[in-house]
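The lines below spell out each chain.
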Amino acid sequence: MSIFTYHLVKASYFTALKILLFPPSSKNISGLIHIECMNTMTLGSAIFSPSRLLVRKIAIFAQWENEIDIDLFLKNHSIGKILTNGWHIRLAFLRQWGTISNFKIPNETFKEESEETPVVAITLARMKFFEIPRFIRWGRPVEKLVRDHPESNFSLASIKFPRTVSTFSIWKSQKEMTNMVFGHSNVPQPKRHINAMKERNRKDFHFEFTTLRFKPLAEFGEWNGHKNLIPKYK
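What this report covers is the structure whose coordinates are included nearby. All of these numbers come straight from a predicted model, not from anything done at the bench.

1. Looking at the pattern of salt bridges
Counting across every chain of the model gives ten salt bridges. Note that Asp-148 and Arg-147 form a salt bridge whose closest N and O atoms lie 2.8 Å from each other. Among the residues examined, Arg-147 registers a relative accessible area of 35% and is labelled partly exposed. Residue Lys-227 pairs with Glu-222 through a salt bridge whose shortest N-O separation is 3.9 Å. For Lys-227, a relative accessible area of 54% gives the class exposed.

2. Quick look at the packing of aromatic side chains
By convention here, two paired aromatic rings are described through the distance between centres and the angle between planes. Counted under the stated rule, the structure contains 13 aromatic pairs. Pairing Trp-87 with Phe-154 gives two aromatic rings, centres 6.3 Å apart and planes at 50 degrees, and the pair type is tilted. Here the residue Trp-87 occupies a position in strand β4 (residues 87-99), and Phe-154 occupies one in strand β6 (residues 152-160), the gap between them amounting to 67 residues. The exposure class of Trp-87 is buried, given its relative accessible area of 0%. In this structure Phe-154 comes out as buried when scored by relative accessible area, which is 16%. An angle of 90 degrees between the planes, with centres 6.3 Å apart, marks the rings of Phe-93 and Phe-110 as edge-to-face.

3. Describing the packing of helix α4 (residues 132-148) against helix α6 (residues 192-202)
What describes two packed helices is the angle between their axes and the distance between those same axes. Taken N-terminus to C-terminus, the directions of α4 and α6 make an angle of 155 degrees; their axes are 9 Å apart at the nearest point. Between α4 and α6, the crossing angle belongs to the class labelled roughly antiparallel. Pair α4 / α6 crosses with left-handed handedness. In contact with Arg-134, Trp-138, Pro-141, Val-142, Lys-144 and Leu-145 of α4, α6 contributes Arg-192, His-193, Asn-195, Ala-196, Glu-199 and Arg-202. When grouped by side-chain class, the residues that make up the contact of α4 with α6 number five nonpolar, two polar and five charged.

4. A word on the side chain of His-88
Looking at the secondary structure, you find His-88 in strand β4. At 3.0 Å, the side chain of His-88 forms a polar contact with the side chain of Arg-90. Setting aside chain neighbours within four positions, we find His-88 in contact with Thr-5, Tyr-6, His-7, Leu-74, Ala-218, Glu-219 and Phe-220.

5. A look at helix α2 (residues 67-76)
If you check which residues of α2 are buried, you get Asp-69, Ile-70, Phe-73 and Leu-74. Considered in projection along α2, the buried side chains sweep an arc of 135 degrees and stay on one side of the axis. In α2, the exposed residues that point more than 90 degrees away from the buried face are Ile-68, Lys-75 and Asn-76. Where α2 is buried, its residues contact β1 (3-10), β3 (54-64), α3 (78-83) and β4.

6. Quick look at unusual backbone geometry
A negative phi holds for most residues other than glycine; trans holds for most peptide bonds. The step from Phe-161 to Pro-162 runs through a cis peptide bond, and the omega angle for that step is 10 degrees. By the element assignment, Pro-162 lies in the loop between β6 and β7 (164-171). With phi around 45 degrees, Gln-189 is a residue other than glycine that occupies positive phi space. The residue Gln-189 is located in the loop between α5 (174-181) and α6 in this model. For Gln-189, a relative accessible area of 58% puts it in the exposed group. A positive phi angle, close to 55 degrees, is found at Asn-228, a residue other than glycine. Here Asn-228 is to be found in the segment after β8 (206-221).

Analysis parameters
Residues numbered from 1 in each chain as written. Predicted model: local features only at pLDDT ≥ 70, side-chain atom pairs only at ≥ 80, totals over all residues. Heavy atoms only, no water. Salt bridge = Lys/Arg side-chain N within 4 Å of Asp/Glu carboxyl O. Buried < 20%, exposed > 50% of the residue type's maximum accessible area, 1.4 Å probe, protein only. Phe/Tyr/Trp six-rings, centres within 6.5 Å; stacked < 30°, edge-to-face > 60°. Helix = DSSP H or I, 4+ residues; strand = E, 2+ residues; numbered from the N terminus. Axes fitted to C-alpha atoms, helices over the stretch in contact; angles between N-to-C directions. Parallel < 35°, antiparallel > 145°, perpendicular 65-115°, else oblique. Left-handed = near helix turned anticlockwise from the far one by under 90°. Contact = heavy atoms within 4.5 Å. Nonpolar A, V, L, I, M, F, W, Y, C, P; charged D, E, K, R; others polar. Polar contact = N/O pair within 3.5 Å; in protein donor to acceptor, adjacent residues only side chain to side chain. Arc of directions from axis to C-beta.

Keep in mind these numbers describe shape, not what the thing actually does.
Right, here's the structure in full:
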């Protein structure tokens, strides 16, 4: 089974721009199935806030044939060497909602042994240009819900212009993440996520959209001075 990785690194403006404009290619990197390189954003921040788009901070989401190819990329490739200065997590696929091109997502769904195990959620969407204002109006309350949720261990958003947007979050348990999704959390305005889902079903914001759920396998490095972002199994 393939392995997914999510990387976070802070680079110079020049290096960050180079990664975004000339990302690694699966055509010349052994074992790389697909990769998305994006700028990070702070969940829930004001649209015109400096924290909304963090130009020097890069998020990379990738799918690989195996871990050996990941290690070789990080050791030998110029961008891989940059990524070793940041943080990354390795992920095993559990399930998918929706569809997205270029990745090779397994058709089957895998169940964890317990609802109390930690879980990672990644959303990836290709926006319809004229739906972006409507998406922002419905999406920012959901961003705040995820950001401030007591069971969310870590979360952020990312973007690649002109139309790719993504979110990444690590949850203390599958149960609490599912409760958030369906509006059952014991937090203020718990139905922000499910209401946004209903609005999306009424009139889609995207021409491609997927939510992916993963089992966290291992993490490496640190991000903003923090290590061990994977919560311990309760």
